[in-house]
Amino acid sequence: MADAPRHEITPGQLVGFLISSQLGLGILGLPRYAVEGLGHAGWWLVLGLGLVSLAGIALITSLGGRFRASIVGINFTILGKTGGFLANLLVFLLFLASSLTNLAVYLQTMRIFFFRETPTWVLTAFLVAPTFYQITKGLKVIARFDTFVYLALFFLLAMMATNVAKAEWSFLFPLTRFRPENLAGLARAAMGVAFGFLGHELLLVVYPWVEGEARGPAFLAGGVTALVLTSFTAFAVAFFGEPFLSKQVFPLLGIVRTWQAPVVDRLDIYFLMFWLPAMGAGFTAFLAAAQLIAAELFPRLSYRLLLLLISGLVSTGALFLRDFDTAESVVQMIAAVDFFGLGLALPALLLVLARLKGLGK
Amino acid sequence: MRERIPRRRRKVAARSPEDSSSPELFAGGYAAALARLEKELRDCPDLVRRRLTLQGGKEATLFFLDGLVDRDLLQRDLLGFLSAAPEAVLTDPSSLPVAEWKEETTLAGAVERLFYGFVLLVVEEWPYALAFALKGWKERSLEEPQVERNIRGAHEGFTEDLGTNMALLRRRLRTPQLKFHLVKLGERVSSRVCLAYLEDLACPELLDRLKGRLARVDLDAVQFPSYLEQLTAEHPFSPFPQYETTERPDKAAAALLEGRVVVLLDGAPGSLLIPANFFQFFQAPDDYNMSWVVASTIRFFRILAVFLAILLPSFYVALLTFHYEAIPWSLLLPLVAARTKVPLPPVMEAFFMAFIIELIFEAAVRLPSYIGQVIGIVGGLVIGQAIVAAGIVSNVMVIIIGVTAVANFAVPAHEMSLAMRFIRFPIMLLSALFGIVGLLVGGSLLLTHLLGLESLGQPYFSPLAPFRPENLKDAFVRGPLTAQGPRPRVTRPLDPYRGKGRR
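Residues numbered from 1 in each chain as written. Chains lettered and ligands numbered in written order. Predicted model: local features only at pLDDT ≥ 70, side-chain atom pairs only at ≥ 80, totals over all residues. Heavy atoms only, no water.

## Notes on the nonpolar core
A general tendency of soluble globular proteins is for nonpolar side chains to be buried together. Ranked by internal contacts, the top residues of the largest apolar core, which has 164 residues, are F95, L156, M159 and L252 of chain A. The biggest single contributor to this core is helix α14 (residues 268-297) of chain A, with 20 residues. If we ignore the near neighbours within four places in the chain, the residues touching F95 of chain A are E201, L202, V205, F286, A289, A290, I293 and L342 of chain A. F282, I310, M420 and Y460 of chain B belong to the second largest nonpolar core, which has 32 residues in total. (Core = buried A, V, L, I, M, F, W, Y, C linked by side-chain atoms within 4.5 Å. Buried < 20%, exposed > 50% of the residue type's maximum accessible area, 1.4 Å probe, protein only. Helix = DSSP H or I, 4+ residues; strand = E, 2+ residues; numbered from the N terminus. Contact = heavy atoms within 4.5 Å.)

Listed below in structure tokens is the structure:
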């Protein structure tokens, strides 16, 4: 823990860190995925996965509380040297894949809304630069930066509140009737919605860096995320209606484009000014997690050299996901593996093994 | 193993007054001592020697440097006394007619005393020289600092004399808890640096950390307080000031009461207030001399000015280059009309105008005040009008850059204002290349940089990040004095609450 001063974060900062990593990018396409699975009642799916995410948080905090170590140390303790190394390598690759998918979604959003003509490599380098700089500074600076996500959250809530009159709330009724034909697509929709909640598994990495109690703040973050995502999905259904919503690539940005105010007219550009850093925060959180794992796995390699390698790898990978449909499929697949595998199955398995072997407190 | 000292260091080490290997002044007797002093101070025409014969017939010589000693005191009080007093009286400290005197046995010590305004008495057969403090040099009167003017409150400022500055602090904080720690820095020329702090408030760990960093300062001489900042701050490549500077004793005293350390340098009127955080650079002494409601409004305007000074030109360039759809029609039409005759793209306009303004600043600062004002008028009005008339820059851009310049000067701390002037250029470039996203990426990099900065190990962006709500009452606003109970946590004060403590 030689790096302790630059990675230690407060429980309050943990809340901002988790919310920004989940909300920033995850919210963009979430309502569309939800209605594809359960129709107008898709918000139930979001709520359900929110509860699953909270269960994941419970498992990870139990594991973290038992060992007070990151997933790297826990894997080595429970699975031994070789097994631990292989498991850690897998965890590292999954976090790397998550950061890659986050960057891909970030790039796609930028391409669609701002940079249709800009070469992808230029855009990638440009968007990776702040993340790279933040990670060189350490988890502490990243978490401090993430506290500004509350501004973005405030703008989101303000936008929903001021557009309430434009929403047709009857689109949400009947509240509990799911169309049977959509039940088959539920699994696919859940994969998409999982991307919205991707982020709670970051706790596996950052848990030991939290100065003080992490369980409560983690639950708070998970609860806020579930509440915001569920209410936004319901709002998006009421705003667009199910058929139109399923045609929206990024419903959030669609709603924002209709947001107006006296004198300045359009507010979309101002909303994006606050939301873009939140989007970047999601990518930063995953890349930082991958970096922290790599730094723990390969302590002899320089921190900056590792970061350079990892950033280069992720940036190059993102260049291959230029096609939107391909990117979306990959994103959903990786999100599902990360959400259910890293965020649920792995901590549950490790907890069982720890109890069987009598390891940890 | 013997530590290897670089050649340059070995040479200067012999000159250090602290060095115990400095030659004994009196080895070889009186004549040898005089010869040593003469040799050391050869080619120093300001050195005055005065031979005396004491009662009892012993030879003596007085040495002093012209301009550093009060000649009236010397002639009226000391010379007469030395000629008339028996030798036994001279060796008795209580009978000497001066407030401060020292015995010096080394050459380096004796020479250093001369440089600090002492009169050196070397007497035949004595094993030491007597140094009398008769300091008396031309000193500037206590004036209000030019760059830190105040409407209400005190109007005095620090001077170049360390003793005067220490007294100014002592007059404001009449408590034995006010301590001064003197250190000498500089390998070739010794400069006195004084660390002032309140013993029952200042965090000992931070104080030790600062002392440790000062001990590592390796310079020929310390001429300006900013040298100390550049050599001891954590992030020397940052454009942002990491220590606050002031020439105001009232501001320095207030900093001491927050548990901060004030660093004074002999020969410079500026002092450093350590540690500092970003928001302290927007506080002015006047804020605390008026109603908190008014002061808060003014403070809020100042913070707004920061955003304008850094981001306004970039925002304008981004909107006009990439996002004109975000500009309301009623504003877009006059903007387009203003730009119809301008051949340059917005970013070139902005850089051109900002460059002209920077030149005007520099010219105005270097020139005498009456010419500086003329330059301001010529630059601001005549050149501005001519540029618009010639169609090189639109009148809207002149307004934008003008507002930016005014906003820059609304910041009370000059060093912060300079940093903001520098930082807006790269953000303007990013905005020109990537529009509003460029501005945001630039802003994110800037914010990350600020969040990563530390002043003496304390977070620079506190109380916002890390979030310390109890200190927010003196950040964006100036809350009522009754609510200013907690001292700033960045100073880690020994007593965290003002007054009688937490009620």
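## Regarding the sheet that holds strand β6 (residues 178-185) of chain B
Residue and element names in this part refer to chain B. An order of β6-β7-β9-β10-β8 is seen for the five strands of this open sheet, with the pairing classed as antiparallel. At either end of the open sheet lies a strand with only one pairing partner, and these are β6 and β8 (244-246). Direction aside, the axes of adjacent strands within the sheet are offset by 25° on average. In the sheet, strand β9 (residues 261-265) pairs with strand β10 (residues 271-274) via four bridges, with the strands oriented antiparallel. The residue bridging V262 from the neighbouring strand is L273, located in β10. (Pairing = 2+ DSSP bridges. Axes fitted to C-alpha atoms, helices over the stretch in contact; angles between N-to-C directions.)

## Thoughts on unusual backbone geometry
Residues and elements named next belong to chain B. With an omega of -5°, the peptide bond between I274 and P275 qualifies as cis. Among the secondary structure elements, P275 is positioned in the loop between β10 and α10 (292-321). Cis geometry is found at the peptide bond from A465 to P466, where omega equals 5°. Mapped onto the secondary structure, P466 falls in the segment after β12 (458-459). Even without glycine at this site, E125 takes up a positive phi of about 75°. Within the secondary structure, E125 is located in the loop between β4 (118-123) and β5 (129-133). Looking at E125, the relative accessible area reads 63%, which means it is exposed. One non-glycine residue with positive phi stands out, namely R492, at about 45°. One can find R492 in the segment after β12.

## So, helix α7 (residues 149-162) of chain A
All names here are of chain A. In this model, α7 (14 residues) spans 20 Å end to end at C-alpha, consistent with the 20 Å of a helix rising 1.5 Å per residue. Within α7, burial applies to V149, A152, L153, L156, M159 and M160. One face of α7 carries all of its buried residues, which in axial projection span an arc of 120°. Of the exposed residues in α7, those oriented more than 90 degrees away from the buried face are F154, A161 and T162. Looking at the buried residues of α7, the elements they touch are α2 (11-38), α6 (139-146), α11 (215-240), α13 (251-256) and α14. (Expected span 1.5 Å × (residues − 1). Arc of directions from axis to C-beta.)

## Remarks on the interface of chain A and chain B
Contact with chain A, which involves 26 residues of that partner, is made by 25 residues of chain B. Interface area for chain A against chain B, summed over the two sides, is near 2400 Å², with a carbon-plus-sulfur share of 77%. Summed over the shared surface of chain A and chain B, the number is zero salt bridges. At the boundary of chain A and chain B, one finds three residue pairs in polar contact (both at pLDDT 80 or more). At the level of elements, α5 (120-137), α6, β2 (265-266) and α14 of chain A are the ones that each hand at least two residues to the side of chain A that touches chain B. Residue contributions to the side of chain A that touches chain B peak at eight residues, all from α5 of chain A. Residues of the side of chain A that touches chain B, tallied by class, amount to 19 nonpolar, three polar and four charged. (Buried area = accessible area lost by both parts, 1.4 Å probe. Salt bridge = Lys/Arg side-chain N within 4 Å of Asp/Glu carboxyl O. Polar contact = N/O pair within 3.5 Å; in protein donor to acceptor, adjacent residues only side chain to side chain. Nonpolar A, V, L, I, M, F, W, Y, C, P; charged D, E, K, R; others polar.)

## Some points on the sheet that holds strand β1 (residues 47-53) of chain B
Residues and elements named next belong to chain B. Spatial strand order, β1-β2-β4-β5-β3: five strands in an open sheet with antiparallel pairing. A strand with exactly one partner marks an edge of an open sheet, and here the two such strands are β1 and β3 (101-104). Within this sheet the neighbouring strands show an average axis-to-axis angle of 20°, counted without direction. In terms of strand pairing, β3 meets β5 through four bridges, oriented antiparallel. Within β5, the position partnered with W101 by the bridge is F132.

## Some remarks on the confidence of the model for chain B
All names here are of chain B. Model confidence for chain B is summarised by a mean pLDDT of 87, while 95% of its residues fall at 70 or above. When mean pLDDT is taken per element in chain B, β9 scores highest with 96 and helix α1 (residues 7-13) scores lowest with 42. Contacts from residues 1-20, a stretch scored under 50 in pLDDT, to residues over four places away or in other chains number 14 contacts. With pTM at 0.88, the complex prediction returns an ipTM value of 0.91. (pLDDT = per-residue confidence, 0-100.)

## Quick notes on the packing of helix α9 (residues 186-197) of chain A against helix α16 (residues 324-357) of chain A
Helix-helix packing is described using two parameters, namely the angle between the two axes and the distance between the axes. All names here are of chain A. Packing of α9 against α16 leaves a shortest axis separation of 8 Å and a crossing angle of 70°. With respect to each other, α9 and α16 are oriented roughly perpendicular. Every residue of α16 that contacts α9 at R188, M191, G192, A194, F195 and F197 is listed here: V331, Q332, M333, A335, A336, F339 and F340. Tallied by class, the residues present in the contact of α9 with α16 amount to 10 nonpolar, two polar and one charged. (Parallel < 35°, antiparallel > 145°, perpendicular 65-115°, else oblique.)

## Some details on the pattern of salt bridges
Across all of its chains, the model carries 36 salt bridges over all chains by this definition. Here the salt bridges do not stand alone but share partners, grouping E148, E244, K251, E258, R260 and R498 of chain B into one network.

## Let's talk about the state of the cysteines
All names here are of chain B. Within this structure, the stated rule accounts for zero disulfides over all chains. Just so you know, C194 is unpaired, no disulfide at all, and the nearest cysteine sulfur is the one on C203, 19 Å from it. With a relative accessible area of 8%, C203 lands in the buried category. (Disulfide = S-S within 2.5 Å.)

## Things to note about the packing of aromatic side chains
Counted by the stated rule, this structure contains 29 aromatic pairs over all chains. Here the aromatic rings of F154 of chain A and F155 of chain A are separated by 6.0 Å at their centres, their planes lie at 80°, and the arrangement is edge-to-face. We classify F154 of chain A as exposed; its relative accessible area is 54%. Look at W259 of chain A and F271 of chain A: their rings are 6.2 Å apart centre to centre, the planes differ by 80°, and that puts the pair in the edge-to-face class. With a gap of 12 residues between them, W259 of chain A in the loop between α13 and β1 (260-261) and F271 of chain A in helix α14 connect regions that are remote in the sequence. Taken together, the ring pairs in this structure connect F148 of chain A together with F240, F278, F279, F281, F282, Y460, F461 and F476 of chain B into an aromatic cluster. Here the guanidinium or amino end of R6 of chain A rests over the ring plane of Y303 of chain A, the centre of that ring lying 4.1 Å away. (Phe/Tyr/Trp six-rings, centres within 6.5 Å; stacked < 30°, edge-to-face > 60°. Lys NZ or Arg CZ within 6 Å of the ring centre and 35° of its normal.)

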